[in-house]
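Structure at a glance
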Amino acid sequence: MASDQTYWWQSAELASPEEALSLEVAAGQQQRFAELDALAARLLSVALAGQPVATITLGRGRHTPDTALVTALTKAEAVFCASVFGVQEQQRRGAWYLPTKLSVKAGAVDLPYLLRERPTHALTLAADETARLTAVEGADTILLWALLVPLFETLLQPVRLRAAGDIFPPTQQQQFWALIEERYRLLGIKDGVLDAFRFGGGWHKLDRSGQQQARLELLDTLAGADLVQLVARHRIQRLQGLMAGFAKKAKAGTALARRVLTKELQPVASAYFGGDWLAVLGYLQALPHPNEEIITALPEPRLYVGTSAQTAGVGAEAGIAESEVQAMLAAFLGGGSSMSPVEERAVALRSWWAGFDQTHAVQSPGMPSLWGLVDQELMSLSRTEQGFAPQLYRRCLPADVLGQIGRLWETVTLQRHPGSIVSNPRPHQTMADALGPAGEFWHGVGLTAWFVCEGPYSRTTLRRLERYYSKPLAALRAAGCPVDAVFFRELRVAEQMLGPEEDVADHANSAVETPFGQVTFTSGMGHGTRREGFERVRDLITRFRRAWAEQHLDAYLHHRWRSELESVAHQLHRFVAEKGRQPTLIQFSRFATTAANHWTGGDLGALYTAIGEPAPAEQERPARLLAGDGYDFARRAYQEMGGKPVDHDTWMTSPEETQRQWQLSRLATESLRYLQLQEALGQPPTGKEFGAQRLTWPWPGEETEGWPIFQHVIATLTSIRLPPTRRHSPMAPVHNEEYGARQTLAKGANTTVATEPTTVRITCTGAPVDISAVLLTPNGKVRNDHDLVFYNHPRHDGVRVGGDTVTANLSLIPDDITSIAVIVSIDLEAQPTAVFDQHTQWQADITQTSGTQLAFTPGPFSSGETVSIAVELYRHTGGWKARGVGQGYDTGLAGLATDYGINVEA
């Protein structure tokens, strides 16, 4: 810290635990931890004595979260923990960094108990006790995550490392054991306790019982230690990490919480200060930063939906014509109507429901099933269902409803490419997702009744429907729109009144000539059963479905859009509280894409408007590559790649061909995602961008042979020319008569480029990166902070940044700007420990409309660089040149910004 004043913790930061604790006592700071140390020591003693401390209850199904409970707490301890570790309590103190999803290794705190009670399988059982929490709510979860698991993992690391076996080379094992012995020494654990465990100590000579005995002796040694003192030593070591982090960020005074509390230090603040940054500062005897803002409660979401109905009243009150109010509202909403995008889609869902309800109500024997009325699957390949799912909604729903759905859900945003709004090849599927569990349940019930009665088979029976559809039913109850329980009782009665089961069989006749004349043989093969009585069940379902809709449909649709929008608003406010700034468009898309696709056609700006917030950037709307229906395109792609229907004989006699057809059907489905990526990127994606390695390619050469075929089929169907193959190795230039030569730049090399729009695209492997550009004057400095063009300031003076691309219109660059530096920086929020090295490398591709193609790949970085200058576009004798730079910074963006004269704080 840049101050003449000295603080007790500056001496404690590098001291031994014993000395640091003494300094803490002298500063009068130890008492604040007395109850926490006593709690941790008591729970440790319980575990070492052979008693369980925590339990994990696994959720049923992937949609039900696990739960983690610390069962060894006394009532008084539980009350104390609720006040210190409760999620809401910590957030009220400003701890908005608490993770929303968490994997808690609760088995670590039960490992001592398992080693005593189940020694043979202890490590396996402990590994299984991991709670994967999709909603972090209870105090027990934070207690485990922040305080207990780090303590127990440190103490029992010798057991876990020995259980891993000899998977590490000897040199690395020696390093591991040296670290463990040093930790034990600092914790005050007596010498010799690790003799049997350490590398080269003879562990492999012990039989199973001997190894079990060594583990028990370790537990007994730990149990015999002064546990309160041991826990305090462990605590002060974690706090020394906090001291170091604070000192690193407080070189010019005090530091902001968000700069100090990295992911590694956030559990420390939650464990020992209840998530209270002011308590941390009190411990460190530091004043808050002048710009520090401790947010103790998030703002309530403000939704701007449903305002069109109020225009008449607002106009009358203000003395303005209703038409003028509607025009102002349309301008605010960013569309051509005073009705918000969310309202439009809610109205469309009501219209869809009317057609859906009528279609089910008139279903009768002899008609085909209603599979395909709700768009769920693109293709199906099984013994009974081959090919594309029937788009039954095309034939059953009114034309105006089909047009409304096609218009409102025709576009979406891809979460990883939020800069563009792209085509949606399956608007009916997105509409069904927006409708949610109500559509899933009532359509599923209708299909079940049909297949039970008309065959050939059903996945469940009528009496088991309530259990089979438990998930959507639970969601409907949570929305306050439950299905009447009487419905299921009447279904069970109706099932008992159905006719007896009758075989559903295919019959075939064959004629054979005999000396006595022609003899006809009739053969049949059964494939399921049917039962008389469908109409009675259909009418029962219709009666309850309509009663549910009359009572709940409006409230249910209101709940659907409100809950999704409020969730986005809450996560946005949480992000601002944690980071102290608005999210970038790509950060916003991580939690907002689903809601935008459901309610605003993928328009993130319209979603921002709906929650009453300004959008950080405007999305582009590229030309659509998918002119027609997604099904039609996928069907043609399937046929072009060699797809054909799989009949029963092929299924039974040629499993290889059946498997190949299944793989082709998967690729046909993926062709739609390829088109979306091509729209978002502005060019055909590479195999890496597309994720080709995830797929199975049914050609002898697998991906090497299949990827060009796949690309060629799509290019043929869309009449779009493929670019030359992009290579990632710095080899000789690739020559192509149609596109010209592609030149590879060496580091420091330069070449002349035309004064025209120039695109620099960065492709990186190993870690996510952010791309930015800096406009520089002749002295190598910026004119002001606006000359940094990045995701929060994406356009400036002829330079634009979007996703992985910088576009500079060189004819529009101001005369006082002589160079443009393109910067690649690792997204340390997404991958905090990443650096540029042999595993994380980038390539820059420079293209111009006149045909110039340049590529530059630097050598591997080796000094922990997280930021690098990729290439530079610079003026030269009245024109422009491009240079491959490849200069790295191990001081991060701050170091680079200082060199360029950018205000880091700003």
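Residues numbered from 1 in each chain as written. Predicted model: local features only at pLDDT ≥ 70, side-chain atom pairs only at ≥ 80, totals over all residues. Heavy atoms only, no water.

1. Comments concerning the overall build of the protein chain
Secondary structure summary: the protein chain contains 34 helices and 24 strands in total. Considering the protein chain as a whole, with its 906 residues, one finds that 49% of them fall into the buried category. A fraction of 69% describes how many contacts in the protein chain between residues 6 or more apart in sequence connect residues 24 or more apart. Carbon and sulfur atoms provide 51% of the accessible area of the protein chain, an area that totals close to 43,100 Å². (Helix = DSSP H or I, 4+ residues; strand = E, 2+ residues; numbered from the N terminus. Buried < 20%, exposed > 50% of the residue type's maximum accessible area, 1.4 Å probe, protein only. Contact = heavy atoms within 4.5 Å. Areas by Shrake-Rupley, 256 points an atom, 1.4 Å probe, with all protein chains shown as cover.)

2. Digging into empty space enclosed by the protein
For the structure on display, the rule yields five cavities of 30 Å³ or more. Approximately 80 Å³ is the volume attributed to the largest cavity. Lining the largest cavity, in full, are His360, Gln363, Leu370, Gly446, Leu447, Ala449, Trp450, Phe534, Arg538, Ile541, Thr542 and Arg545. Among the secondary structure elements, those contributing two or more residues to the lining of the largest cavity are α22 (437–454) and α26 (534–579). Top contributing element to the lining of the largest cavity by residue count: α26, with five residues. Counted by class, the lining of the largest cavity contains six nonpolar, four polar and two charged residues. (1 Å grid on protein atoms, 1.4 Å probe; cavity = no way out; pocket = protein on both sides within 12 Å on 5 of 7 lines; lining within 4 Å. Points joined across faces, edges and corners; volume = space filled by probe spheres on them. Nonpolar A, V, L, I, M, F, W, Y, C, P; charged D, E, K, R; others polar.)

3. Here's the deal with helix α4 (residues 75–85)
Residues of α4 that are buried include every one of Glu77, Phe80, Cys81, Val84 and Phe85, and no others. The arc enclosing the buried residues of α4, seen along the axis, measures out at 100°, which places them on a common side. Away from the buried face of α4 by more than 90 degrees, exposed residues Lys75 and Val79 are located. Turning to α4, the residues buried within the fold contact α3 (34–48), α5 (87–92), α8 (139–155) and α14 (266–273). (Arc of directions from axis to C-beta.)

4. Focus: the pattern of salt bridges
Enumeration over the complete set of coordinates arrives at 38 salt bridges. Glu532 is the salt-bridge partner of Arg530, the closest N and O atoms lying 3.2 Å from each other. A residue is classified by how much of its surface remains accessible, and Arg530, at 17% relative accessible area, is buried. Of the residues examined, Glu532 reaches a relative accessible area of 45% and is grouped as partly exposed. The salt bridge partner of Arg761 is Asp804, with a shortest N-O separation of 3.2 Å. Taken together, the positions of Arg761 in strand β14 (residues 757–765) and Asp804 in the loop between β18 (799–802) and β19 (805–809) put the pair 43 residues apart, joining distant regions of the chain. By relative accessible area, which is 5% here, Arg761 ends up buried. Taken together, the salt bridges that share partners define one network made up of Arg394, Asp629, Asp632 and Arg635. (Salt bridge = Lys/Arg side-chain N within 4 Å of Asp/Glu carboxyl O.)

5. A word on the pairing of strand β20 (residues 819–826)
Burial runs high along β20: eight of the eight residues are buried. Taking every second residue as pointing to the same face, both faces of β20 are buried, with Ser819, Ala821, Ile823 and Ser825 on one and Ile820, Val822, Val824 and Ile826 on the other. Here strand β15 (residues 769–776) pairs with β20 via eight bridges, running antiparallel. Bridged to Val774 within β20 is Ala821. In the sheet, β20 pairs with strand β23 (residues 867–876) via seven bridges, with the strands oriented antiparallel. Note that in β23 the partner of Ser825 across the bridge is Val867. (Pairing = 2+ DSSP bridges.)

6. Quick word on the sheet that holds β20
Two pairing modes exist for strands in a sheet, parallel and antiparallel, and in both the strands are linked by backbone hydrogen bonds. Spatially, six strands are ordered β13-β24-β23-β20-β15-β16 in an open sheet, and the strand pairing comes out antiparallel. In this open sheet, the two strands that pair with only one neighbour each are β13 (750–753) and β16 (788–789). Pairing between β13 and strand β24 (residues 879–889): four bridges, direction antiparallel. Residue Asn750 lies in a different strand from β24, and its bridge partner there is Arg883. Across the face of the sheet, helix α34 (residues 892–900) comes into contact with β15, β20, β23 and β24 while running at roughly 25° to β23. (Axes fitted to C-alpha atoms, helices over the stretch in contact; angles between N-to-C directions.)

7. A word on the side chain of Thr413
Looking at the secondary structure, you find Thr413 in strand β7 (residues 411–414). Judged by relative accessible area, which is 2%, Thr413 ranks as buried. A polar side-chain atom of Thr413 sits 2.9 Å from a polar atom in the side chain of Gln619. In this view, Thr413 contacts Pro418, Ser420, Ile421, Thr593, Asn597, Gly602, Leu604 and Gln619; residues no more than four positions away in its chain are not counted. (Polar contact = N/O pair within 3.5 Å; in protein donor to acceptor, adjacent residues only side chain to side chain.)

8. What about the nonpolar core?
Counting 100 residues, the largest nonpolar core has Leu144, Leu239 and Phe246 as its most contacted members. The dominant element in this core, judged by the number of residues it contributes, is α8, at twelve residues. Ranked by size, the runner-up nonpolar core spans 75 residues in total, among them Leu349, Leu370, Leu465 and Val568. (Core = buried A, V, L, I, M, F, W, Y, C linked by side-chain atoms within 4.5 Å.)

9. Examining the confidence of the model for the protein chain
Atomic detail in the predicted coordinates should be set aside for any region of low pLDDT. In the predicted model, the protein chain carries a mean pLDDT of 86, and 87% of its residues have values of at least 70. Every residue in residues 310–316 is under pLDDT 50, and counting partners more than four places away or in other chains gives eight contacts. Between residues 725–740, whose pLDDT stays under 50, and residues either more than four places distant or in other chains, the model counts 31 contacts. (pLDDT = per-residue confidence, 0-100.)

10. A few points about the packing of aromatic side chains
A complete count under the given rule lists 35 aromatic pairs for this structure. Plain terms: the ring middles of Tyr674 and Phe710 are 5.7 Å apart, the flat faces sit at 90° to each other, and that makes the pair edge-to-face. On the criterion of sequence distance, the pair formed by Tyr674 in helix α31 (residues 655–681) and Phe710 in helix α33 (residues 702–718) is long-range, its members being 36 residues apart. We note that Tyr674, like Phe710, is buried. Ring pairing ties together the aromatic residues Trp352, Trp353, Phe356, Phe441, Trp442, Tyr468, Tyr469, Phe487, Phe488, Phe544, Trp548 and Tyr556, which thus form one cluster. Above the face of the Phe690 ring, Arg673 is positioned so that its terminal group lies 4.2 Å from the ring centre. (Phe/Tyr/Trp six-rings, centres within 6.5 Å; stacked < 30°, edge-to-face > 60°. Lys NZ or Arg CZ within 6 Å of the ring centre and 35° of its normal.)

11. Here we look at the environment of Gly748
Within the secondary structure layout, Gly748 lies in the loop between β12 (740–745) and β13. With relative accessibility at 41%, the residue Gly748 sits in the partly exposed group. Note: C-alpha distance between Gly748 and Pro858 (110 residues apart in sequence) is 9.8 Å. The contacts of Gly748, once residues within four sequence positions are left out, are Arg883 and Gly884.

12. A closer look at the pairing of β14
Consecutive side chains along a regular strand alternate between the two faces of the sheet. Summarising the sheet, β14 and β19 pair through five bridges and their orientation is antiparallel. Within β19, the residue paired with Arg761 across the bridge is Thr805.

13. Overview of unusual backbone geometry
Note the cis peptide between Gly455 and Pro456, where omega equals 5°. Of note, Pro456 is situated in the loop between α22 and α23 (465–468). Positioned with a positive phi, Glu702 is a non-glycine residue whose angle comes to about 50°. A relative accessible area of 52% places Glu702 in the exposed class.

14. Observations regarding the environment of His796
With respect to the helices and strands, the residue His796 is situated in strand β17 (residues 795–796). Considered as a pair, His796 and Ala773 are 23 residues apart in the sequence and their alpha carbons are 9.9 Å apart. Among residues more than four places away in sequence, those in contact with His796 are Leu775, Arg783, His786, Asp787 and Val789. Of note is the side chain of His796, whose polar atom sits 3.2 Å from the side chain of Asp787. A distance of 3.5 Å separates a polar atom in the side chain of His796 from a polar atom in the side chain of Asp797.

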